[in-house]
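Now for the letters of each chain:
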Amino acid sequence: MVFQSGRKETVLDLAKFVDKGVQVKLTGGRQVTGTLKGYDQLLNLVLDEAVEFLRDPDDPLKTTDQTRRLGLIVCRGTAVMLVSPTDGTDEIANPFIQPDGA
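Overview of the structure. (Residues numbered from 1 in each chain as written. Predicted model: local features only at pLDDT ≥ 70, side-chain atom pairs only at ≥ 80, totals over all residues. Heavy atoms only, no water.)

### Structural notes on the side chain of Ser84
Link 1 in the chain: Note that Ser84 resides in strand β5 (residues 80-85).
Link 2 in the chain: Every residue in contact with Ser84, bar those within four places of it in the chain, is listed here: Gly21, Val22 and Gln23. (Helix = DSSP H or I, 4+ residues; strand = E, 2+ residues; numbered from the N terminus. Contact = heavy atoms within 4.5 Å.)

### A few points about the side chain of Gln31
Link 1 in the chain: Mapping Gln31 onto the fold places it in strand β2 (residues 31-39).
Link 2 in the chain: Ignoring any residue separated from it by four or fewer positions in sequence, one finds Gln31 in contact with Gln23, Val24, Lys25, Val51, Glu52, Phe53 and Thr63.

### What to know about the layout of surface pockets
Link 1 in the chain: There is about 560 Å³ of room inside the largest pocket.
Link 2 in the chain: Lining the largest pocket are 21 residues, with Gln23, Lys25, Gln31, Thr63 and Glu91 positioned closest to its centre.
Link 3 in the chain: Secondary structure elements with two or more residues in the lining of the largest pocket: β1 (21-26), β3 (45-55), β4 (63-75) and β5.
Link 4 in the chain: For the lining of the largest pocket, the residue count by class is 6 nonpolar, 8 polar and 7 charged. (1 Å grid on protein atoms, 1.4 Å probe; cavity = no way out; pocket = protein on both sides within 12 Å on 5 of 7 lines; lining within 4 Å. Points joined across faces, edges and corners; volume = space filled by probe spheres on them. Nonpolar A, V, L, I, M, F, W, Y, C, P; charged D, E, K, R; others polar.)

### Details of the pattern of salt bridges
Link 1 in the chain: Applying the stated criterion across every chain, the model contains 3 salt bridges.
Link 2 in the chain: A salt bridge links Asp19 to Lys37, with the shortest nitrogen-to-oxygen separation between them at 3.1 Å. Here the residue Asp19 occupies a position in the segment before β1, and Lys37 occupies one in strand β2, the gap between them amounting to 18 residues.
Link 3 in the chain: According to the relative accessible area criterion, Asp19 is exposed, its value standing at 53%. (Salt bridge = Lys/Arg side-chain N within 4 Å of Asp/Glu carboxyl O. Buried < 20%, exposed > 50% of the residue type's maximum accessible area, 1.4 Å probe, protein only.)

### Some remarks on the pairing of β3
Link 1 in the chain: Sheet topology places β2 next to β3; 7 bridges connect them, and they run antiparallel. Pairing of Thr35 across the sheet is with Asp48, part of β3.
Link 2 in the chain: Where β3 meets β4, 8 bridges bridge the pair, whose relative direction is antiparallel. Within β4, the residue paired with Val51 across the bridge is Arg69. (Pairing = 2+ DSSP bridges.)

Geometry only, nothing functional implied.
Laid out in structure tokens, this is it:
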């Protein structure tokens, strides 16, 4: 039997995203994009030129096209739900939504 002692390795390899654009979804529904400048083992993220997508006041689960510039921010690791690159991703229509009258 081989036992590894000590350090846990994070599932995410964020090193390849440093100095690149990322989209981060946070608990509570907030969503920001920016340039990843740094991170730690607790998934605390430092984003530069961050922009927050504002939520629809009628439906807080939906984001709108309105944005707010935040600049340099720290996203606390306990609030981070999703980290994805902004390059190479496209938004598509939800294939599971039933058309009206179906």
